[in-house]
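Here is how the chains run, residue by residue.
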Amino acid sequence: MAPAQQELDAAAERAVEAAVSAGAADAEAFALQDAGREVRVHGGEVESLTAATERGVGVRAWIGGRVGYAYGTDLAEPGLEAVGARAAEGAAIADEDEFAAPPRPEGDPPLIEGLVDGSLEAWETPRVIDLALTIERTALGADARIAGVEQAVYADSDQLVALHSSAGVRGAFRATSAYAYLQALADGDGGGRETGLGFGLARGPAGLDPEAIGEEGAQRAVSMIGAGKPASRACPVVLDTTVAASFAGLVGGTLGADGVQRGRSPFADRLGEEVAAEALVLRDDGLDPGGLASSPVDGEGVPRRRIDLIEGGRLRTYLHDTYTARRAGDGTSSTASAGRGSYRSPPSVSPSNLVVEPGDLDLDALLGEAGEGIYVTDVAGLHSGVNPVTGVFSVGASGREIEGGELGRPVREFTIAGDLVGMLRSVRAAGSEARWVPFGGSVLTPPLLVGEISVSGL
Amino acid sequence: MSPPIEQLLDPAVAQGVLARALANGGDFAEIYAERRSGLSLSIDEQRIERVQAGGEEGAGVRVVADGTTYFAHVDGLVPADLERAAGEAAAALREAAAEPRPLQAVETNPVPIAVRPEEVPAERKAELLREMDERGRGQGAEISQLSASYSEGRRIVSVANSEGLLAGDDRTRVRIAAQAVARRGGAVETGFETRGAHRGFELLDDDPGLVAEQAAEKALTLLDAVAAPSGSMPVVVGGGFGGVLFHEMTGHGLEADHVQKGASVYEGKLGETVAEPLVTAYDDGLLPHEWGTDAIDDEGTPRQKTAVIEEGRLTAYLYDRLRARRDGAESTGNGRRESFRHLPIPRMTNTYIAPGEAQPEEMIAEVERGFYAVSFAGGQVDPATGDFVFGVSEGYLIEGGKVTSPCRDATLIGNCLDALAGIDAVGSDFDMKTGFCGKGGQRVPVGTGQGHVRIRALTVGGTGS
């Protein structure tokens, strides 16, 4: 074990001891070290360069069925004592919940190859700066109508995690990740501007293709030149991978058992029921090293696995952490879905990587199948335009008309509206070309053809 | 008299760190130190849960040389670690050392706090949530769920830079929120309400239960809702959180980083008429006790009130130091950052359309068929194209000059310049609300406000006709 990992482990162990000596019956500590760098370039120059290492610990304490949480960044003894004590104090304020209990050890975690990419350490800063500059240069040279690039960004992260609990849970892993994106600007009609996003993600910089990222941003921006409003109607839509991922993320979020058990999910009381067309198969996969949310264990130390969520058109399971599994009863076990965004907040039920199973049709065939409709390449306002309790959504969109089975004029400033379950039921086909997308969490998805959706434009 | 601010940076240490930061050259160096702490708890299913406390302190050091910013941050404020961060920030530079000016402490006036929330027992905060729960549920048997949250946060800030500035601030914010779910048969609706301020626990002296009642009322009202219409129509936007409309459709496009990169529809429009003469708008970082108010921004520049639109004419962009220098302008005190782990960028503070002369009832009475958007769940804009979208959390049809059916799940979309030019009435009422604004991965508290505002035409995207 590397020295940094040992230090984290020791800090997690001490934090647990501190909470217990402050009065907690049980305690669990999650310690994180994140070493990262970020490069932003603009106009062929480096705009900013950031390098830093951050460490912190979060402690969950139980007193009977009462739970408290505290965090801090001082991993020396006084800091850990303070965090442990504050977590125990928090538990004393909370009310009793009969289902709250510390997670128990659940066997050996799986071995996942490929969570660490050596290129992250091997590529020194000048080389990743060059990568970001290549992205920008490629976009600028891709088309005469490209007016500029708002920014091109490269960022990476090398994370160490240590988990320790008084109930005997132990977890430790390291994972690296790298991503890059740019926002390209094209000259639109009448002096206006169009924007286009290009992005890539991988375990390290060697896995990123800067030319492809620059090209994608440029193409997306240029493809929107001359966009008008589409006519209001109900019509077939093809969701590109970025939009399909956003919707998959919304669905994954509402499949969390915490919302379901509190009656705040459109999927509540629908276990085993038909909730989607057969063409839509959705899994949660915490093991695929291509997915940046993969890890041997979840945020409470439960070994990760693959879970069928929607298959054969039916809802197979909700996502569970230890608490929701106990509350569901009937032998329900955690699906290893306790997510940790950071050490600053306690784990909560969330998908790891969501995977939408690909079908047989390439994009051209999907568009042909749609016939007349809209190819949606961007959505906006997801955080405010979706009701997570009812699943009803109305979001801003842009894309291209589909005319005679082919891409036609660009369209913008319209909304698409419906409800999540209704949309899943009208999925007619999944495309054959899947891609990892960082929207809606971490999602691997092909484009999707949805039979009919309500479009509001002119 | 406010008590003296706790100084996180010893002037001699800060002077040494700045010298280290400029040891390999550079035009500007800065150290931003911060101690943050907070507590939050919530009630759900009538149980107090998610009691979370925490704190952290650290500093960010940046060096600017030839337009490039080099940034490093550390946890903790140990002088040796600050020196190391300065060394890391300067590592890529190879020029002759530059000399920081001697530090001169600047007097600032932090917002006065009457009752420090961390001195109020946690049990009192739990009681307050129980009261909110009871009051919200008391609005009717159709309220099936109620959840409410309380949060307090404090940020003590010290900034020192190579131009000799040394300034500090002490910021305390308290906020409560309530969400209600109402059910009738198969219909399920939600309502949400908040109250927050740059204030101490005294914010909650005035009937916090009312916030839960208002959330419950909204959910109950929506049980009678019809599907929102779709199509282009006149829209009357409510006061208070309706101001998020101006925040999105104009405020973001005035942030100088977007403007300087050609990524704002307001680029090159300074001095031009962009709205009817009845529109005057401000970004005001000093509004007493508002959610986006501080004494200084996160670069140590005193906050100010900036008129961004005066009688329809675009009069100012919003600047931080870096972008101001690029334009030969002065910072408008809008350099903000989420924490010591982030670089400052131009951000709004409290943004609002100033009250006009119209009466809200008259504004509605003049509309034959339209939409009344009382409050929003949030919004988003692409400043480069100007396309924006808002989710409406409370909306009604306007038919024959009267507010009629509530509508569920409506979205408003439009383009900034058209919508701003389309404002044809501004109400004499006025209210400010709290919000969180995300940009470049950084979330900061902002105030949004206005009286009622009417726009000639916006696209309403609903599922109805």
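Residues numbered from 1 in each chain as written. Chains lettered and ligands numbered in written order. Predicted model: local features only at pLDDT ≥ 70, side-chain atom pairs only at ≥ 80, totals over all residues.

**Q** I'd love a proper account of the overall build of chain A, names of residues and values included.
**A** For chain A, the count of helices and strands is 11 helices and 20 strands. Here the C-alpha radius of gyration of chain A, 24 Å, is about what a compact globule of 458 residues would show, namely 23 Å. Along the three orthogonal principal directions, the C-alpha set of chain A runs to about 70 × 55 × 35 Å. (Helix = DSSP H or I, 4+ residues; strand = E, 2+ residues; numbered from the N terminus. Rg over C-alpha atoms; globule rule 2.2 N^0.38 Å.)

**Q** Could you give me a rundown of the overall build of chain B, with the residues and numbers involved?
**A** What chain B contains, in helices and strands, is 9 helices and 23 strands. Compactness check: chain B gives a C-alpha radius of gyration of 24 Å against a globular reference of 23 Å for 465 residues, within 12% of the reference. Seen through its principal axes, chain B has C-alpha atoms that stretch 75 × 55 × 40 Å. Taking all 465 residues of chain B together, 62% fall into the buried category. Counting only contacts in chain B whose residues sit at least 6 apart along the sequence, the fraction spanning at least 24 positions is 76%. (Buried ≥ 20, exposed ≤ 12 C-beta atoms within 10 Å, placed from the backbone. Contact = placed C-beta atoms within 7 Å.)

**Q** Now, about the sheet that holds strand β21 (residues 431–439) of chain B: what can you tell me, with residues and values included?
**A** Residue and element names in this part refer to chain B. Pairing is mixed across the open sheet formed by 6 strands, whose spatial order is β12-β11-β10-β15-β22-β21. Looking along the sheet, the strands with just one partner apiece sit at the ends: β12 (313–314) and β21. When strand β10 (residues 281–284) meets strand β15 (residues 350–353), the two strands line up antiparallel, connected through 3 bridges. If you follow D283 over to β15, its bridge partner there is T351. The strands touched by helix α5 (residues 244–254) are β10, β11 (305–310), β15, β21 and β22 (442–450); relative to β15, the strand with the most contacts, the crossing angle is about 115°. (Pairing = 2+ DSSP bridges. Axes fitted to C-alpha atoms, helices over the stretch in contact; angles between N-to-C directions.)

**Q** Explain the interface of chain A and chain B residue by residue, including any values.
**A** You'll often see interface size given as the accessible area lost when the parts meet. Of the residues lining the interface, 60 residues belong to chain A; the matching set on chain B comes to 61 residues. For the side of chain A that touches chain B, the per-class residue count stands at 18 nonpolar, 26 polar and 16 charged. In this sheet, strand β2 (residues 47–65) of chain B lies alongside strand β3 (residues 66–72) of chain A in parallel orientation, the contact comprising 5 bridges. Looking at the pairing, G72 of chain A lines up with G55 of chain B of β2 of chain B. (Nonpolar A, V, L, I, M, F, W, Y, C, P; charged D, E, K, R; others polar.)

**Q** Can you tell me about the pairing of β3 of chain A, naming the residues and giving the values?
**A** For a regular strand, the rule is simple: side chains alternate between the two faces of the sheet. Residue and element names in this part refer to chain A. Here β3 lies mainly inside the structure; 7 of its 7 residues are buried. Judged by which residues are buried, β3 turns out to be covered on both faces: R66, G68, A70 and G72 on one side and V67, Y69 and Y71 on the other are all buried. What sits between the antiparallel neighbours strand β2 (residues 45–63) and β3 is a turn of 2 residues, in which G64 has the positive phi angle 60°.

**Q** Quick rundown of the sheet that holds strand β13 (residues 353–356) of chain A? Include the residues and the values.
**A** Adjacent strands of a sheet form backbone hydrogen bonds with each other and so pair up, either parallel or antiparallel. All names here are of chain A. Strand order in this open sheet of 6 strands is β10-β9-β8-β13-β19-β18, and the pairing throughout is mixed. Of all strands in the sheet, those with a lone pairing partner are β10 (314–315) and β18 (435–437), marking the two edges. Judged from the 4 bridges that link them, strand β8 (residues 282–285) and strand β9 (residues 306–311) form a sheet pairing that is antiparallel. Looking at β9, one finds that R283 is bridged to D308. In the packing of helix α6 (residues 241–254) onto the sheet, contacts are made with β8, β13, β18 and β19 (442–445), and the angle to β19 comes to roughly 125°.

**Q** Give a description of the domain arrangement of chain B that names residues and reports values.
**A** All names here are of chain B. Parsing chain B into structural domains produces domain 1 (11–222) and domain 2 (226–461). For domain 1 and domain 2, the distance between their C-alpha centroids amounts to 23 Å. Across the contact, 35 residues belong to domain 1 and 21 residues belong to domain 2. Among the secondary structure elements, those contributing two or more residues to the side of domain 1 that touches domain 2 are β1 (28–44), β2, β3 (68–75), β5 (143–161), β6 (165–184), β7 (187–197) and α4 (209–222). Among the elements that line the side of domain 1 that touches domain 2, the one with the most residues is β6, at 6 residues. Counted by class, the side of domain 1 that touches domain 2 contains 14 nonpolar, 11 polar and 10 charged residues. (Domains from an automatic or database assignment.)

**Q** So what's going on with the packing of helix α4 (residues 125–142) of chain A against helix α5 (residues 210–223) of chain A? Residues and values would help.
**A** All names here are of chain A. Where α4 meets α5, the axes come as close as 7 Å, and the angle between the chain directions of the two elements is 40°. If you check the angle between α4 and α5, you find them oblique. Of the two possible hands of crossing, α4 and α5 adopt the one that is right-handed. Judged by residue contacts, L131, T134, I135, E136, R137, T138, A139 and A142 of α4 engage P210, E211, I213, G214, E215, G217 and A218 from α5. Its residues assigned to classes, the contact of α4 with α5 comprises 7 nonpolar, 4 polar and 4 charged. (Parallel < 35°, antiparallel > 145°, perpendicular 65-115°, else oblique. Left-handed = near helix turned anticlockwise from the far one by under 90°.)

**Q** Tell me about the nonpolar core, and name the residues and values.
**A** Generally speaking, nonpolar side chains in soluble globular proteins are found buried as a group. Formed by 291 residues in total, the largest nonpolar core has its most connected members in A15, A19, V57, V59 and A87 of chain A together with I31 of chain B. A19 of chain A has contacts with A24, A27, V59, A61, G84, A87 and A88 of chain A, leaving out every residue within four places of it along the chain. (Core = buried A, V, L, I, M, F, W, Y, C linked by C-beta atoms within 7 Å.)

**Q** Run through α4 of chain A, naming residues and quoting values.
**A** All names here are of chain A. Given a rise of 1.5 Å per residue, 18 residues ought to cover 26 Å, and the 26 Å separating the end C-alpha atoms of α4 matches this to within 8%. Taken together, the buried positions of α4 are V128, L131, A132, T134, I135, E136, T138, A139 and A142. On the buried face of α4, the contacting elements are β1 (26–42), β4 (146–165), β5 (170–187), β6 (193–202) and α5. (Expected span 1.5 Å × (residues − 1).)

**Q** Describe the environment of V444 of chain B, with residues and values.
**A** Residues and elements named next belong to chain B. Tracing the backbone through its elements, the reader meets V444 in strand β22. Spatially, the C-alpha atoms of V444 and L318 are 16 Å apart, while their sequence positions differ by 126 residues. Every residue in contact with V444, bar those within four places of it in the chain, is listed here: R336, E338, R347 and C437.

**Q** Could you give an account of the environment of V427 of chain A, with specific residues and numbers?
**A** Residues and elements named next belong to chain A. Tracing the sequence through the fold places V427 in strand β17 (residues 427–430). Taking the number of C-beta atoms within 10 Å as the measure of exposure, V427 has 23 and is therefore buried. Residues V427 and V238, spaced 189 residues apart in sequence, show a C-alpha to C-alpha distance of 9.5 Å. For V427, the contacting residues outside a window of four places in its chain are A276, A277, A279, L280, L448 and V450.

**Q** Explain the packing of helix α3 (residues 122–137) of chain B against α4 of chain B to me, using residue names and the numbers behind them.
**A** Residues and elements named next belong to chain B. The interhelical angle for the contact between α3 and α4, taken along N-to-C directions, is 35°, at an axis separation of 7 Å. Crossing of α3 against α4: the hand is right-handed. Each of E131, M132, D133, R135 and G136 in α3 lies in contact with α4, whose residues at this interface are G209, V211, A212, E213, A215 and A216. In terms of residue class, the contact of α3 with α4 is made up of 5 nonpolar, 2 polar and 4 charged.

**Q** An account of α5 of chain A is needed here, citing residue identities and associated values.
**A** Here α5 of chain A is 14 residues long and its end C-alpha atoms lie 20 Å apart, about the 20 Å a rise of 1.5 Å per residue gives. The buried fraction of α5 of chain A is high, at 10 of 14 residues.

**Q** With reference to specific residues and values, describe unusual backbone geometry.
**A** If a residue is not glycine, its phi is most likely negative; likewise, a peptide bond is most likely trans. Unusually for a residue other than glycine, D66 of chain B sits at a positive phi of about 50°. Note that D66 of chain B resides in the loop between β2 and β3.

**Q** Lay out the domain arrangement of chain A with the relevant residues and their values.
**A** Residues and elements named next belong to chain A. Domain boundaries in chain A define domain 1 (119–160 + 176–223) and domain 2 (233–456). Between the C-alpha centres of domain 1 and domain 2 the distance comes to 26 Å. Going through the elements one at a time, β5, β6 and α5 are the ones with two or more residues in the side of domain 1 that touches domain 2. Of the residues assigned to the side of domain 1 that touches domain 2, the class counts are 3 nonpolar, 2 polar and 2 charged.

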